[in-house]
Amino acid sequence: MQAVQPAAQSSTPVLMFPALSMLRSERSLIGVHILVSLVALSLGLLMGPFQTFRRAPAVTEALGGQAVAMPIFTYYYQALTLHGVLNALVFTTFFIVGFSYFITQRSLQRPMWSLRAAWVAFVLMLVGLLLAAYAIITNQANVLYTFYAPMVAHWTFYLGLTLVIVGTWVAFLNIVMTYLGWRKDHPGQAVPLAVFATLCNYVMWFTATLGVATQVLTMMLPLSLGIIRTTDPQVTRILFWFFGHPLVYFWLIPAYISWYTMLPKQIGGRLFSDQMARVAFLMLMIFSVPVGVHHLFVDPGVSEFAKISHSLLTFVVAVPSFLTAFNLAATLERAGHQRGANALSWIWKQPWGNPVVAAQFCGMLLFVVGGITGVMNASFSLNLALHNTTWVVGHFHMTLAGAVTLTYIGVLYWLLPMMRGRKLFMPKLALAQVFLWFSGMIVFGAGMGRAGIEGAIRRTDMGGAGAYISDLWAPWLNLSAIGGALLLVSSILLYVVLVGTWFASKGQAEVEAPIDTTGPASSRPEWFERWGVWTAVIVISNVIMWGPVLIQAIDVVNGFFVPGNPGPAGPGF
Ligand code: HAS
């Protein structure tokens, strides 16, 4: 099955990929990543709707004053931690790494630099996941997915997450080495856009994870092991958010890769501008790290100057998304005109009946709302009113659970059939799943957003005994439960389609991988692929933007690292 052919001018083997299915090596490597991501998502998803039911006064009233209990993990913060960690960290990371291997191999038409390294990365990530899962499942890591101090988890949680990150670094190395091999064989040629974007994503990810690795290795892990007695919560927050904001673009870029490089093929069109797309990816790579103080606007330990400058730069990091909106709208409009649409009807003259396409369109529409709410968050003065309210939950469900997850679902709806060599199971059901997800997320987001404007606080067990719920919040929390119900049905349909595709689908796969194997000559590598220059810009901008924030916060003598055992008054689990 694995046909290998020598490249014209190189000694490196070139893989001949089947158009409608996968090579065995591809299927197993990518398959295990997707499998883990989907198992994680199934459990993570389940916790979501039940939170909305638990928070809704109408549901509590209907049950005679008894709030809905969370399934399996009944303690609210345990369920919330699982929801965030499994959906936002595990589902995404495993999916992204598996998808990146697929993109890299297929676009460059060559095997990964080292298949063994890819498996080592997977094992590291899997062992890490099991360690972290042990801590969460045994109720010893109720620290939410933003795991900074003062809450402390069992040490296996931190060690596990460290291994997951190290695994992604090995994956990064593998992708870079594969690219360098290709670059050597293709001097002067632009790398395909999907790989260019993947490289930008991993460069940004590597930079960002240096922050969280420092936080975990020098503060949280020693604290949880009792090696140090105290640590500085403010510094852990700063280091976490050095990582936390680029993390959201790590999720977003694979969705953008699908929108920019795959969707045009799926709608029978062509990307409006490859160069503008490359500028957008470079901007995301450079500007997504030095903006994270926008998560710390209400923290007393960060200077006003840092807050204002990070706020301004956050508006800059929205620019690549505005470029994306323009580039994609032009792409869609052109494809619509090819179908005979006029200046307005191009929106409808698209293949809306194809679940792969509809999922991405719905994701884009949700991202318009997610983007606007994000820009509102970035404003220092508005943020003071919105921070830590359910408004923020509305924002990230439009972006992460909306745009990103729906796009990943769209990808799964062609990737899984390819992997299995069978048709998508019940495409009409898949379409219904997509529209239900879209409607559920809009309703949920509207409810959470409006409740947040009224002051409803996030991360609070509003179903707990005696919890205060203002009359102003109640209708919106009820609305969010309607969204939760729609999302629950959509999640069930999702797994019916995915499991059905694997086990029950009959016909042969008929959708080809939407992959470009060349970059346009106009996207000149001597301009775009200057990785040394971009790295220098990243280093300098972060030293300028984060250096003073850290220097101001770190108190080496009293806070950061105080050796000794925590004793009975130390961190509890
Ligand atoms: Fe955010 C908090 C600001 C983007 C996720 N964000 C969060 C949190 C998460 C998150 C998870 O400044 C909560 C963290 C926590 O737990 O505390 N965010 C922004 C800004 C952007 C942004 C300025 N966020 C994202 C993305 C996420 C994400 C993407 C996940 C994937 N965010 C914030 C701030 C906070 C925050 C503050 C802190 C709040 C607080 O106080 O705690 C921007 O990047 C957004 C730019 C996007 C646009 C939209 C462009 C639209 C496009 C669609 C094209 C559509 C077309 C129409 C063409 C400008 C590209 C197609 C038509 C058809 C018919 C199909």
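Just so we're clear, the structure is a prediction, and the values are computed from it rather than from any experiment.

1. Some words on the coordination of the iron atom of the ligand
Perfect tetrahedral coordination of a metal by four donors corresponds to 109.5 degrees between them, and perfect octahedral coordination by six donors corresponds to 90 or 180 degrees.
Then step 1. The protein gives the iron atom of the ligand a lone donor atom, His-395 (NE2), placed 2.2 Å from the metal.
Then step 2. With respect to the secondary-structure elements, His-395 resides in helix H12 (residues 390–420).

2. Observations concerning the environment of Ala-69
Then step 1. Of note, Ala-69 is situated in the loop between helix H2 (57–62) and helix H3 (76–108).
Then step 2. Once the C-alpha coordinates of Ala-69 and Val-212 are considered, the two residues, 143 residues apart in sequence, prove to be 33 Å apart.
Then step 3. Leave out the neighbours within four places in its chain, and Ala-69 touches Phe-50 and Arg-54.

3. Quick word on the side chain of Gln-78
Then step 1. Topologically, Gln-78 is positioned in helix H3.
Then step 2. Since its relative accessible area comes to 6%, Gln-78 is described here as buried.
Then step 3. Within the structure, Gln-78 has its side chain in polar contact with the backbone oxygen of Ile-136 (distance 2.8 Å).
Then step 4. Discounting chain neighbours no more than four positions away, the residues touching Gln-78 are Phe-73, Ile-136, Ile-137, Thr-138, Asn-139 and Asn-142.

4. Focus: the pattern of salt bridges
Any two side chains of opposite charge can pair if their charged atoms end up close together.
Then step 1. What the rule picks out here adds up to 10 salt bridges.
Then step 2. The shortest N-O distance in the salt bridge between Asp-461 and Arg-54 comes to 2.9 Å. In this pair, Asp-461 sits in the loop between helix H13 (427–453) and helix H14 (474–503) while Arg-54 sits in helix H1 (residues 24–55), placing the two residues 407 residues apart along the sequence.
Then step 3. Judged by relative accessible area, which is 14%, Arg-54 ranks as buried.
Then step 4. Across the pair Arg-450 and Glu-454 runs a salt bridge, and its minimum N-O distance is 2.8 Å.

5. What about the environment of Arg-458?
Then step 1. Mapped onto the secondary structure, Arg-458 falls in the loop between H13 and H14.
Then step 2. Placed 69 residues apart in sequence, Arg-458 and Thr-389 show a C-alpha to C-alpha distance of 4.8 Å.
Then step 3. Setting aside its immediate chain neighbours within four residues, Arg-458 contacts Asn-388, Thr-389, Thr-390, Val-392, Val-393 and Phe-396.

6. Considering H13
Then step 1. Taking 1.5 Å per residue as the helical rise, H13 with its 27 residues ought to reach 39 Å, and the 39 Å between its terminal C-alpha atoms agrees with that figure.
Then step 2. In the segment just after H13, Gly-455 is the residue with positive phi, at about 105°.

7. With respect to the environment of Ala-504
Then step 1. By the secondary structure assignment, Ala-504 is in the loop between H14 and helix H15 (525–528).
Then step 2. Residue Ala-504 is classed as partly exposed on the basis of its relative accessible area of 35%.
Then step 3. Note: C-alpha distance between Ala-504 and Leu-29 (475 residues apart in sequence) is 23 Å.
Then step 4. Ignoring anything within four residues of it in the chain, the contact list for Ala-504 reads Phe-425 and Val-499.

8. Points about the site of the ligand
Then step 1. Neighbouring the ligand are 40 residues; Tyr-145, Tyr-249, His-387, His-395 and Arg-458 lie closest to it.
Then step 2. Between Tyr-249 and the ligand, the recorded distance is 2.6 Å, taken from a side-chain N or O atom to an oxygen atom.
Then step 3. Interatomic distance of 2.6 Å between a side-chain N/O atom of His-387 and an oxygen atom of the ligand.
Then step 4. With 10 residues, helix H10 (residues 355–378) is the single largest residue contributor to the shell around the ligand.
Then step 5. Among the residues making up the shell around the ligand, the classes are represented as 24 nonpolar, 14 polar and 2 charged.

9. A short note on the confidence of the model for the chain
Then step 1. Averaged over the chain, the pLDDT score is 93; the fraction of residues at 70 or greater is 94%.
Then step 2. Confidence drops under a pLDDT of 50 for residues 1–8, and excluding neighbours within four residues, the segment shows 18 contacts in the predicted structure.
Then step 3. Scored below 50 in pLDDT, residues 567–573 makes 9 contacts in the model with residues more than four places away or belonging to other chains.

10. Points about unusual backbone geometry
Then step 1. In this model, Ala-149 is joined to Pro-150 through a cis peptide bond whose omega is 15°.
Then step 2. Phi is positive for Leu-144, close to 65°, though the residue is something other than glycine.
Then step 3. Structurally, the position occupied by Leu-144 is in the loop between helix H4 (115–137) and helix H5 (155–185).

11. Points about the nonpolar core
Then step 1. Tyr-101, Phe-147, Phe-157, Phe-281, Met-285 and Tyr-413 are the most contacted members of the largest nonpolar core, which totals 165 residues.
Then step 2. With 20 residues, the top contributor of residues to this core is helix H7 (residues 233–266).
Then step 3. Apart from residues lying up to four places away in sequence, Phe-147 is in contact with Leu-89, Phe-157, Tyr-158, Leu-161, Val-212, Gln-215, Val-216, Met-220 and Phe-240.
Then step 4. Of all hydrophobic cores here, the second largest spans 5 residues; its members include Ala-451, Ala-456, Trp-473 and Leu-477.

Calculation notes
- Residues numbered from 1 in each chain as written.
- Predicted model: local features only at pLDDT ≥ 70, side-chain atom pairs only at ≥ 80, totals over all residues.
- Heavy atoms only, no water.
- Donors = N, O, S within 2.8 Å, 3.2 Å for Na, K, Ca; no water.
- Helix = DSSP H or I, 4+ residues; strand = E, 2+ residues; numbered from the N terminus.
- Contact = heavy atoms within 4.5 Å.
- Buried < 20%, exposed > 50% of the residue type's maximum accessible area, 1.4 Å probe, protein only.
- Polar contact = N/O pair within 3.5 Å; in protein donor to acceptor, adjacent residues only side chain to side chain.
- Salt bridge = Lys/Arg side-chain N within 4 Å of Asp/Glu carboxyl O.
- Expected span 1.5 Å × (residues − 1).
- Near = heavy atom within 4 Å.
- Nonpolar A, V, L, I, M, F, W, Y, C, P; charged D, E, K, R; others polar.
- pLDDT = per-residue confidence, 0-100.
- Core = buried A, V, L, I, M, F, W, Y, C linked by side-chain atoms within 4.5 Å.

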